Amino acid sequence: MNIVILSRNPNLFSTERLVNEGEKRGHDMEVIDPLKCDLIIEKEKPTIYYKDRYLDYVDAIIPRIGASSTFFGCAVVRQFEMMNVFTSVTSDAIIRSRDKLRSFQRLSKAGIGMPKTVFTNYSRDVEKVIAHVGGTPVIIKLLEGTQGLGVVLAETKNAAESVLEAFNGLQARALVQEYVSEAKGADIRALVVDGQVVGAIKRQGKKGEFRSNLHRGGTAEVIKLNEAELKVAMKASRVLKLPVCGVDMLQSARGPLLLEVNSTPGLEGIETGTGKNIAKSIITYIERNRNS
Ligand code: ADP
């Protein structure tokens, strides 16, 4: 098969691993920068022009679209869909999952546990907002944040007020969330491929840090998920129609609480932590499901 990885950087760990595993299985692997594609739209003949050629020979794509290139990146994925090319994750699903609020609304309706969360239109009634999630301490998160940036733990009402005022003043939307202290600075990342959990790690923030992001100096260890955690990961993948995704959860006294579903999960932490060949799982998933 001709498999294209849509990625801005061929040297990223995940991109390299997918290229290697695809080649090992006999596929022609190519990394294409989605932002350098031209989309040509005309009646019944959608095409894509890249550098000096038309991408009319592609059998399947693996989108690895970063948050900053969602708009055009997803337009490229959609153009491939219009050309009947199989994609490991659809443009609609990526766009839906990028909207934290929308995803939360759908996931909570589907019965998935999550930290109690309030989202307001820049409400000034901070006291009420905090009361809705059960009082301080609270977590305040920028809607557009990644890698733990823009996630604040406010221990007191005063602190919460200042942070919300600052975010409001910048016209940056934020949500207020119950602080799950039982998680003790750790979270779980489950990697789902073809709707099944293929590996999971527990990430622990460095001492004194409530955020467990590996980018923030957290460490990872392999973990065997219990029944409830497996269920949440698989259900989240199904509800958001993301057959390949990373599902982040907190462990709490009332069971797993979903934090985020990532449509472009990094492979480094999970492959290194579990010793599992997740890149190969993604390639074989494509082999099983490609459009015939
Ligand atoms: P990002 O998408 O920027 O990584 P997250 O929502 O995943 O932001 O939050 C970053 C980290 O902060 C999580 O991995 C977790 O360790 C911690 N965290 C986030 N929300 C909560 C919460 N409600 N209670 C306790 N810890 C949290």
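The sections below set out a description of the structure shown in this document. What you see is a predicted model, and the numbers here were worked out from it, not measured in a lab. (Residues numbered from 1 in each chain as written. Predicted model: local features only at pLDDT ≥ 70, side-chain atom pairs only at ≥ 80, totals over all residues. Heavy atoms only, no water.)

## Some remarks on the overall build of the chain
In terms of regular secondary structure, the chain is built from nine helices and 16 strands. Considered along the principal axes of its C-alpha atoms, the chain spans approximately 60 × 40 × 35 Å. In the chain, which comprises 292 residues, the proportion classed as buried is 47%. Sequence separation of at least 24 residues holds for 65% of the intrachain contacts in the chain that already meet a minimum separation of 6. Per element, the accessible surface of the chain, about 14500 Å² overall, is 48% carbon and sulfur. Across the chain, the centroid of the 41 positively charged side chains sits 4 Å from that of the 34 negatively charged ones. (Helix = DSSP H or I, 4+ residues; strand = E, 2+ residues; numbered from the N terminus. Buried < 20%, exposed > 50% of the residue type's maximum accessible area, 1.4 Å probe, protein only. Contact = heavy atoms within 4.5 Å. Areas by Shrake-Rupley, 256 points an atom, 1.4 Å probe, with all protein chains shown as cover. Lys, Arg positive; Asp, Glu negative; His and termini not counted. Charge placed at Lys NZ, Arg CZ, Asp CG, Glu CD.)

## Quick look at the sheet that holds strand E10 (residues 151-154)
If you trace the four strands from one edge of the open sheet to the other, you get E8-E11-E9-E10, paired in antiparallel fashion. At either end of the open sheet lies a strand with only one pairing partner, and these are strand E8 (117-119) and E10. Each adjacent strand pair in this sheet contributes to an overall mean axis angle of 25°, direction not counted. Note: strand E9 (residues 138-142) against E10, four bridges, orientation antiparallel. The partner of Lys141 across the bridge, within E10, is Val151. The strands touched by helix H6 (residues 157-169) within the sheet are E9, E10 and strand E11 (174-178), with E9 carrying the most contacts at an inclination of about 10°. (Pairing = 2+ DSSP bridges. Axes fitted to C-alpha atoms, helices over the stretch in contact; angles between N-to-C directions.)

## Quick word on the pattern of salt bridges
Going through the model one piece at a time under the given rule, you end up with 18 salt bridges. The closest approach of N and O atoms between Arg8 and Asp33, which form a salt bridge, is 3.2 Å. One end of the pair, Arg8, is in the loop between strand E1 (2-6) and helix H1 (13-24); the other, Asp33, is in the loop between strand E2 (28-32) and strand E3 (37-40), with 25 residues separating them in the sequence. One salt bridge connects Glu30 with Arg53, and the closest N-O pair in it is separated by 2.2 Å. Placement of the pair is Glu30 in strand E2 and Arg53 in strand E5 (residues 53-54), with a sequence separation of 23 residues. Taking relative accessible area as the criterion, Arg53 reaches 26% and is therefore assigned partly exposed. When salt bridges that share partners are traced, they join Arg17, Glu21, Lys24 and Glu271 into one network. (Salt bridge = Lys/Arg side-chain N within 4 Å of Asp/Glu carboxyl O.)

## Thoughts on unusual backbone geometry
Residue Thr136 is joined to Pro137 through a cis peptide bond whose omega torsion reads -5°. Looking at the element boundaries, Pro137 is found in the loop between helix H5 (126-132) and E9. Here Gln171, not a glycine, exhibits a phi torsion of approximately 55°, which is positive. Within the fold, Gln171 resides in the loop between H6 and E11. Although it is not a glycine, Lys241 adopts a positive phi angle of roughly 55°. Relative to the assigned elements, Lys241 resides in the loop between helix H7 (227-239) and strand E15 (245-252). Residue Lys241 is classed as exposed on the basis of its relative accessible area, which comes to 55%.

## A look at empty space enclosed by the protein
Counted under the stated rule, the structure contains two cavities of 30 Å³ or more. For the largest cavity, the calculated volume is near 120 Å³. In terms of lining residues, the largest cavity is bounded by 13 residues, among which Thr120, Tyr122, Leu164, Asn168 and Ala174 are the most central. If you list the elements that add at least two residues to the lining of the largest cavity, you get E8, H6 and E11. Of the residues forming the lining of the largest cavity, the biggest block, three residues, is contributed by E11. In the lining of the largest cavity, the residues fall into nine nonpolar, three polar and one charged. (1 Å grid on protein atoms, 1.4 Å probe; cavity = no way out; pocket = protein on both sides within 12 Å on 5 of 7 lines; lining within 4 Å. Points joined across faces, edges and corners; volume = space filled by probe spheres on them. Nonpolar A, V, L, I, M, F, W, Y, C, P; charged D, E, K, R; others polar.)

## Quick notes on the side chain of Ser88
Along the chain, the position of Ser88 falls in the loop between strand E7 (86-87) and helix H3 (91-98). The contact partners of Ser88, leaving out residues within four places of it in the chain, are Ile61, Ile62, Pro63, Pro243, Val244, Tyr285 and Ile286.

Keep in mind these values describe shape, not function.
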